[in-house]
Amino acid sequence: MDYSQFLNMGQELSLLAVILILFVADLFMCTDRKSGKGVLNTPLPVILLTVHTLLGLAPLVCPCCVADATAFGGMYVSSAMAVVVKTILNVGTVIVFLTAHEWLKQPDMANKQGEYYTLTLFTLLGMYFMVSAGHFLMFFIGLELASVPMTALIAYSKKSQESAEAAAKYILTALFSSGLMLYGISLIYGTTGTLYFDQIAPQIHATNLVQLAALVLFIGGIGFKISLVPFHLWTADAYQGAPTTVTSYLSVISKGAAAFVLFVVLYKVFAPIIDQANLLFFWIIIFSITLANIFAVRQNNIKRFMAFSAISQAGYLVLGVMGATPQGLTAIVYYLLVYMAANLGVFLIISITEQRSGGKVNISDYDGFYRTNPKLSFLMTLCLFSLAGIPPFAGFFSKFFMFMAAFKAGFVVLVLIALVNTVISLYYYLLIVKAMYIIPSDEPIPTFKSDGYTKLGLALCTLGVVLIGIISWFYSYIDQFSFGL
Amino acid sequence: MTYTLFIILLPLISFLVLGIAGKWFSHKTAGWIGTLALAGVTVLSYYAAYEYFFVIGRDAVTGAFERQVPINFCWLPFFDQSLHFDMGILLDPISVMMLIVISTVSFMVHIYSFGYMKGEKGFQRYYAFLSLFTMSMLGLVVATNIFQMYLFWELVGVSSYLLIGFYYTSPAAVSASKKAFIVTRFADLFFLIGILIYGFYTGSFAFVFDTPEGLASYAQAGFILPLALTLMFIGGAGKSAMFPLHIWLPDAMEGPTPVSALIHAATMVVAGVFQVARLFPLWVTYAQDWMPVIIWVGVFTAFYAAAVACAQSDIKRVLAFSTISQIAFMMVALGVCTELQTGHEHVGSVGYMASMFHLFTHAMFKACLFLGAGCIIHAVHSNEMNAMGGLRKYLPLTHITFLVSCLAISGIPFFSGFSSKDEIITACMAYSPAVGYIMTGIAAMTAFYMFRLYYGIFWGTENKELHAAHHPHETKVMTWPLVILSIITVGVGAYTTLAGFGMFEGYSFGSLVSADGQDYRIHFDTTVALTSTIVAICAIGLATWIFKGDRQPIADKLYATFPRLHRWAYKRFYMDEVYQFVTHKIIFACVSKPIAWFDRHVVDGFFNFLAWGTNATSNGIKTLQSGRVQQYALVYLVGIILLIAMLLIF
């Protein structure tokens, strides 16, 4: 065996190294139980992950490294776009870690800070394998690696019943969907005799009903991860029950990886039956966006609210797979980047507010928030505006490119429906803004000071929300890789 | 010449710093930040102008100035890449000339505001907005394409709105700012539609056709270009206050006076002229037949505004109407320009040069007049002419500079306005003697109302009561800009007058800015020059006869003889009332009310139904989200089966 091919998996290896270092550090470095402060919370993980992110960029910036590489006979495939996606996931994870700081300082968390990081990074590693998979087995292993530690993360607050219930629901649904998807993969193996992405495509035919069923089962499995209707039902419960940082991780990072993989598999494997896939997604997208919007309007728990918002956003995200065009891929990755900045920004504020106010997570708790915390309200408004797609924030541009990609691919009706839904989504995002700015309250959440990590995270997200759209470099940079998939 | 980027970046940075952190600075620091940024811009602009005009601008072979694009990048791409929004910096004679005008006037205004705005609440905000405006205006003139121009065009509009409404506690300022914004925005709508038509049919937002494909696309879109250009012209007419879209400019005088000098006299209001000049090659090539629109709108506006200016009593309003009238001169000059090539006879294309020349000279002397008016208002605390009189003793420097600018705007030889206005009238004469004579007549009216204003302020009886309360005086920081601007006025005027009469051969304005970039030496047409000078002197004489004395028997008698005419002119021929009538009685009553009814009952009803439907659906399907995981799995499975079934059916 040629061990040098491991070098093609540079990002995975360096992430593994980060995990191991944190693992060892967890054994030897003590955290002060009372204050919850220590190297492990949060400087070390953030610094290591940042270094890892920067190292991971090497194939893109350094002329001597090659981004396109395979390992293990094509089971592992890396491309420049995959590197971009992994980098986005890295940045998102760094921000999630910044969110987690205050939560991990709590006395009952202080003794298990290390586990949080290792578990989170293991799921990230799983997503790496998903993103770079060239074989269904590799893909499935990555998917499971991303799912199973996630359950532990959702159940992280041991004493919270909600958390445990959410985890139970998550793992049960995850198992169910994995089982069905595995069944779909076995159907593919049965009809084609191979699981390599490249080799399957020529043997896929639109007339083969078994393969069509396999397509649906695969979409179901991925749809569960991205939380598309009708595979989304776990989302609200899990988002509400999970610790807020884990919710933010769930809503952005794991969703982003899955959306990218969905595109890759449709593009590489199911290309001959792309018309059928488009038909499926046509209805899935309409239902995801619309149903989620209808549910979001009536929520009061802000985390549950964000769950439905996330389902709706997932619908927009998947708009890019329609037609499986290179523009669609660019739009997906760009949308992911923009969505990450805005959504993590909102979660940072939800999280710090929850920590500082003793667990207030209802939208009505935010009444009069502007009076007591004007800066946070303002940043929250920026992020919500970006989520709703209001110019000049980045969310407008990401939706614009997404709609344009779908429009060019010929899905005019779908774009129109999505546009109408944007208006509805504006309504419910503004409900929060209204609560913060307009509705008076006798007992608003008192003024509080955020910690440095939250501030850093907020600064990153705000920069993202404001600049990613206006500076066209981001879009063109991503765009140049989309043809070389 | 990538350093030109800093011409835009410096004021942007100053805006961000002052806008975000302004309240932590003292007034003085904030003022210095803005002024230093502008000083940087001015130095860079002058250097860029030097480099462009004298070092690298000319094509080595033809000797004509060419377009230079030091920076250009694609800001918003569309998929097939044929249509894209670019951002960049374009240097050509008119944009470089505008850089000079904007940076000079803006710098003067920055200095002047130290004195004028001293102690005002919101001093930092004021400087932040000034920087924002300067940035937008500079971005507008160096735009490489029409979309970028539109973007900065709107930014200019916003900063104008913010500055007019600077005294936001005064209801008059607030309504003036709203009026300005709504009227110009209304006109900009046409501009936008024009741009969209243009982009749709030509497949590009570029100004020029320098590639063969570009030429082909223009030829293909030739049938629609006149419409697109005319729509864009409406946008320009709104910004440049052409009749009937002029109504916002007089009210805009509610803003601080230095702002009026910068935005509503020298720079922003000429954006419309600049836009027409920028698109001029297209006008001449494809829309020659539609150019009389520009001419007659211009001629009527020039006359109307001059007539109104004769009867106003608020000194800033007189200047505002004078500005409208002078901008109309520039518009007319562009309209009468029928050729692009300069050639030997240069008759057809002289209007372009004349228009830009007048833009330049007008910016200098009109800024000087406004800043002078600011000094006067600062000294007597009133805008009304009857509060003034006899101020020449108290404000000597203001008096001299004001006089210089009045002479310049009246078109007296050796003052800058003479040379540029003379070229405009020459161009008009070449187009049609009728237009030429009308414009000469309006020039005479200009001289008349300006000297009416001058005598009203500096001569006549003193208002003793007012002066007893406090002693009117000048401040150094406010008079320096006046002196500099009037030196420019006299210097440019003397130089161009001598050169124009052939006293010496040298560079003149036409050598730098002309329709096709070729060297064009200004030579006055003696008949035109003589006629207009005599007419101007007569008009000044008439004004002196009527208004110079302590008492004004002739003026009073005139008012008594033609009370209605005076009243009409004073009321600006009731244009505002016409607008009120049209908007309130016709549009609001006949169009808006039915629409409002429709909106309230049908549209709202539909959305209420939608909301009711959403709620009902939401109630109906809330059992879907039951919290029972068995059911979740069931839904999942049913979903899969349905999807497979769908594939089988279709």
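In short, a report on the structure.

What counts as what
Residues numbered from 1 in each chain as written. Chains lettered and ligands numbered in written order. Predicted model: local features only at pLDDT ≥ 70, side-chain atom pairs only at ≥ 80, totals over all residues. Helix = DSSP H or I, 4+ residues; strand = E, 2+ residues; numbered from the N terminus. Rg over C-alpha atoms; globule rule 2.2 N^0.38 Å. Buried ≥ 20, exposed ≤ 12 C-beta atoms within 10 Å, placed from the backbone. Contact = placed C-beta atoms within 7 Å. Nonpolar A, V, L, I, M, F, W, Y, C, P; charged D, E, K, R; others polar. Expected span 1.5 Å × (residues − 1). Axes fitted to C-alpha atoms, helices over the stretch in contact; angles between N-to-C directions. Parallel < 35°, antiparallel > 145°, perpendicular 65-115°, else oblique. Left-handed = near helix turned anticlockwise from the far one by under 90°. Core = buried A, V, L, I, M, F, W, Y, C linked by C-beta atoms within 7 Å.

1. What about the overall build of chain B?
Tallying secondary structure elements over chain B gives 26 helices and two strands in all. For 650 residues, the compact-globule estimate of 2.2 N^0.38 gives 26 Å, and the C-alpha radius of gyration of chain B, at 28 Å, lies within 12% of that figure. Dimensions along the principal axes, computed over C-alpha positions, put chain B at roughly 100 × 65 × 50 Å. Taking all 650 residues of chain B together, 51% fall into the buried category. Taking as baseline every contact in chain B between residues at least 6 positions apart, the subset at least 24 positions apart corresponds to 79%.

2. Considerations on the overall build of chain A
Per the secondary structure count, chain A includes 20 helices and two strands. The C-alpha atoms of chain A give a radius of gyration of 21 Å, which matches the 23 Å a tight globule of 485 residues would have. For the C-alpha atoms alone, the extent of chain A along its principal axes is close to 65 × 55 × 45 Å. Burial analysis of chain A (485 residues in total) assigns 60% to the buried set. Sequence-distant contacts, at least 24 apart, represent 79% of the contacts inside chain A between residues at least 6 apart.

3. Describing the interface of chain A and chain B
Across the boundary between the two partners, chain A contributes 30 residues, which contact 23 residues of chain B. Among the secondary structure elements, those contributing two or more residues to the side of chain A that touches chain B are helix 7 (161-192), helix 9 (209-226), helix 10 (234-241), helix 12 (274-297) and helix 17 (394-408) of chain A. Considering only residue class, the side of chain A that touches chain B consists of 19 nonpolar, seven polar and four charged.

4. Topic: helix 18 (residues 433-458) of chain B
All names here are of chain B. An ideal rise of 1.5 Å per residue puts 38 Å on 26 residues; helix 18 measures up with 37 Å between its terminal C-alpha atoms. For helix 18, the tally of buried residues reaches 20 of 26 residues, placing the bulk of the element in the interior. Where helix 18 ends, the next residue or the one after it, Gly 460, has phi of about 75 degrees, a positive value.

5. Observations regarding unusual backbone geometry
Pro392(A) follows Pro391(A) through a cis peptide bond whose omega is 5 degrees. On the secondary structure map, Pro392(A) appears in the loop between helix 16 (374-388) and helix 17. With phi around 55 degrees, Ser227(A) is a residue other than glycine that occupies positive phi space. Residue placement: Ser227(A) occurs in the loop between helix 9 and helix 10. Assessed through the 29 C-beta atoms surrounding it within 10 Å, Ser227(A) is described here as buried. Not every positive phi belongs to a glycine, and His381(B) is a case in point at roughly 60 degrees. Looking at the secondary structure, you find His381(B) in the loop between helix 15 (350-380) and helix 16 (396-410). By C-beta crowding, His381(B) is classed as exposed, having 12 other C-beta atoms within 10 Å.

6. A word on the packing of helix 2 (residues 27-56) of chain B against helix 4 (residues 123-141) of chain B
All names here are of chain B. Contact geometry of helix 2 with helix 4 gives a least axis separation of 8 Å together with a crossing angle of 15 degrees. Classified by the angle between their axes, helix 2 and helix 4 sit roughly parallel to one another. Helix 2 and helix 4 meet at a crossing whose hand is left-handed. For the pair helix 2 and helix 4, the contacting residues are His 27, Ala 30, Gly 31, Gly 34, Ala 37, Leu 38 and Val 41 in the first and Phe 123, Gln 124, Tyr 127, Leu 130, Ser 131 and Thr 134 in the second. Taken together, the residues of the contact of helix 2 with helix 4 sort by class into seven nonpolar, six polar and no charged.

7. Quick word on the environment of Ile200(A)
Residues and elements named next belong to chain A. In this structure, Ile 200 sits in helix 8 (residues 197-200). Overall, the presence of 25 C-beta atoms within 10 Å leaves Ile 200 in the buried class. Expressed as a C-alpha distance, the spacing of Ile 200 and His 135, which sit 65 residues apart in the sequence, is 9.7 Å. Residues in contact with Ile 200, not counting those within four places in the same chain, are Ile 188, Thr 192, Thr 194 and Val 269.

8. What to know about the packing of helix 4 (residues 80-104) of chain A against helix 19 (residues 452-470) of chain A
How two helices pack is summed up by the angle between their axes together with the distance between the axes. Residues and elements named next belong to chain A. Across the interface, helix 4 lies against helix 19 with an axial gap of 8 Å and an inter-helix angle of 150 degrees. Viewed along their axes, helix 4 and helix 19 adopt a mutual orientation that is roughly antiparallel. As for the relative orientation of helix 4 and helix 19, their crossing is left-handed in sense. On the side of helix 4, the interface is formed by Ile 95, Leu 98, Thr 99, His 101 and Glu 102, while helix 19 contributes Tyr 453, Thr 454, Leu 456, Gly 457, Leu 460 and Cys 461.

9. Quick word on the nonpolar core
In terms of nonpolar packing, the biggest core is built from 210 residues, with Met331(B), Val332(B), Leu334(B) and Ala367(B) touching the most fellow members. Top element by residues in this core is helix 15 of chain B. It accounts for 21 residues. Not counting residues within four places of it along the chain, the set of residues in contact with Val332(B) comprises Ile295(B), Gly298(B), Val299(B), Ala302(B), Cys428(B) and Met439(B). Listed in part, the 191 residues of the second largest apolar core include Val77(A), Trp103(A), Ile219(A) and Leu336(A).

10. So, helix 3 (residues 93-116) of chain B
Along its 24 residues, helix 3 of chain B runs 34 Å from first to last C-alpha, staying within 8% of the 34 Å computed at 1.5 Å per residue. The buried fraction of helix 3 of chain B is high, at 22 of 24 residues.

11. Some words on the environment of Val46(A)
Residues and elements named next belong to chain A. Within the secondary structure, Val 46 is located in helix 2 (residues 43-56). We classify Val 46 as buried; it has 21 C-beta atoms within 10 Å. The sequence separation of Val 46 and Val 94 amounts to 48 residues, and the corresponding C-alpha distance is 5.9 Å. Leave out the neighbours within four places in its chain, and Val 46 touches Val 94, Phe 97 and Leu 98.

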